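So you can see what is in the structure, the chains are spelled out below.
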Amino acid sequence: DANRLGEVGQGWRVALTTLMNERVTGGFITRRPDIGDLIDLVRLLSINGRPAIRDAGVRERLAGWFVRAQGVKWTQCRTLTALSKGLEPGPENSIGKLVQASLSQDIASYGLDLMDAAGVVADPELAPLTALFQEAFLSSPGSRIAGGSDEVLRTIIAERVLQMPGEPREDKQRPFSEIRTTR
């Protein structure tokens, strides 16, 4: 049948392939504000009368987020190389989505904290940079759920990438039709 996505009995494989592709996309979307936007922001702000960029605590956080962003970037390069060779996305793509979504939320939250009361301005006409951080702060929790929650992605990474033993499940080797749904 021309409308089928896969062979009969291969529904789980089709579903997994779809999710893997969604996770690839989730890890590739560079959400703004990104580390560059945060650096631009701290160059504009002051802490205790000094440029925020000169504050040791600010610089330490920037460095940590920069490293995370670079890790996502190089993981994306590995994925692109695999895709260019005709390989399917694998469970390692959960790493990019997991890190990118939390990174975006952390950067948005920290940017708003640094702006103090000015961070409440959400109008892009009045304050484009502030509005960028405000919008990301409000939308980032959703991106941490889409394509698999952080907990689901950590389980995938642990079991399928790091080859750690899975949690014990009595239903693992049983057909769905034989699993009791009520107690």
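An account of the accompanying structure is given in this report. In this text the structure is predicted, and so the values were computed from the model without any measurement. (Residues numbered from 1 in each chain as written. Predicted model: local features only at pLDDT ≥ 70, side-chain atom pairs only at ≥ 80, totals over all residues. Heavy atoms only, no water.)

Description of the overall build of the protein
Counting secondary structure elements, the protein contains six helices and two strands. For the protein, the α and β elements follow one another from N to C terminus as α-α-β-β-α-α-α-α. Radius of gyration (C-alpha) of the protein: 21 Å, far over the 16 Å computed for a compact globule of 183 residues. Looking at the protein alone, contacts between residues at least 24 apart form 72% of all its contacts between residues at least 6 apart. For the protein, the accessible area works out to roughly 12,200 Å², and carbon and sulfur atoms hold 55% of it. Taken together, the 23 basic and 23 acidic charged side chains of the protein have centroids lying 5 Å from each other. (Helix = DSSP H or I, 4+ residues; strand = E, 2+ residues; numbered from the N terminus. Rg over C-alpha atoms; globule rule 2.2 N^0.38 Å. Contact = heavy atoms within 4.5 Å. Areas by Shrake-Rupley, 256 points an atom, 1.4 Å probe, with all protein chains shown as cover. Lys, Arg positive; Asp, Glu negative; His and termini not counted. Charge placed at Lys NZ, Arg CZ, Asp CG, Glu CD.)

Here we look at the packing of helix 2 (residues 35-44) against helix 4 (residues 93-115)
At a closest axis distance of 10 Å, the pairing of helix 2 and helix 4 adopts a crossing angle of 10°. When the axes of helix 2 and helix 4 are compared, the pair comes out roughly parallel. Contacts from Ile35, Leu38, Leu41 and Val42 in helix 2 reach Ile107, Tyr110, Gly111, Leu114 and Met115 in helix 4. Of the residues that constitute the contact of helix 2 with helix 4, the class distribution is eight nonpolar, one polar and no charged. (Axes fitted to C-alpha atoms, helices over the stretch in contact; angles between N-to-C directions. Parallel < 35°, antiparallel > 145°, perpendicular 65-115°, else oblique. Nonpolar A, V, L, I, M, F, W, Y, C, P; charged D, E, K, R; others polar.)

So, the nonpolar core
Soluble globular proteins tend to pack their nonpolar side chains together in the buried interior. Of all hydrophobic cores here, the largest spans 17 residues; its most connected members are Leu38, Val42, Trp65, Ile107 and Phe133. If you list the elements that add at least two residues to this core, you get helix 2, helix 3 (56-84) and helix 4. Top element by residues in this core is helix 4. It accounts for six residues. Leaving out residues up to four positions away in the same chain, Val42 has contacts with Ala52, Ile53, Val58, Leu62 and Leu114. (Core = buried A, V, L, I, M, F, W, Y, C linked by side-chain atoms within 4.5 Å. Buried < 20%, exposed > 50% of the residue type's maximum accessible area, 1.4 Å probe, protein only.)

Concerning the packing of helix 3 against helix 4
At a minimum axis distance of 10 Å, the contact between helix 3 and helix 4 shows a crossing angle of 155°. What the angle tells us is that helix 3 and helix 4 run roughly antiparallel. Note that helix 3 runs across helix 4; the crossing there is left-handed. Across from Gly57, Val58, Arg61, Trp65, Arg68, Ala69, Val72 and Thr79 in helix 3, the residues of helix 4 making contact are Asn93, Gly96, Val99, Gln100, Ser102, Leu103, Asp106, Ile107, Tyr110 and Leu114. Among the residues making up the contact of helix 3 with helix 4, the classes are represented as nine nonpolar, six polar and three charged. (Left-handed = near helix turned anticlockwise from the far one by under 90°.)

So yeah, pure geometry; function would need other evidence.
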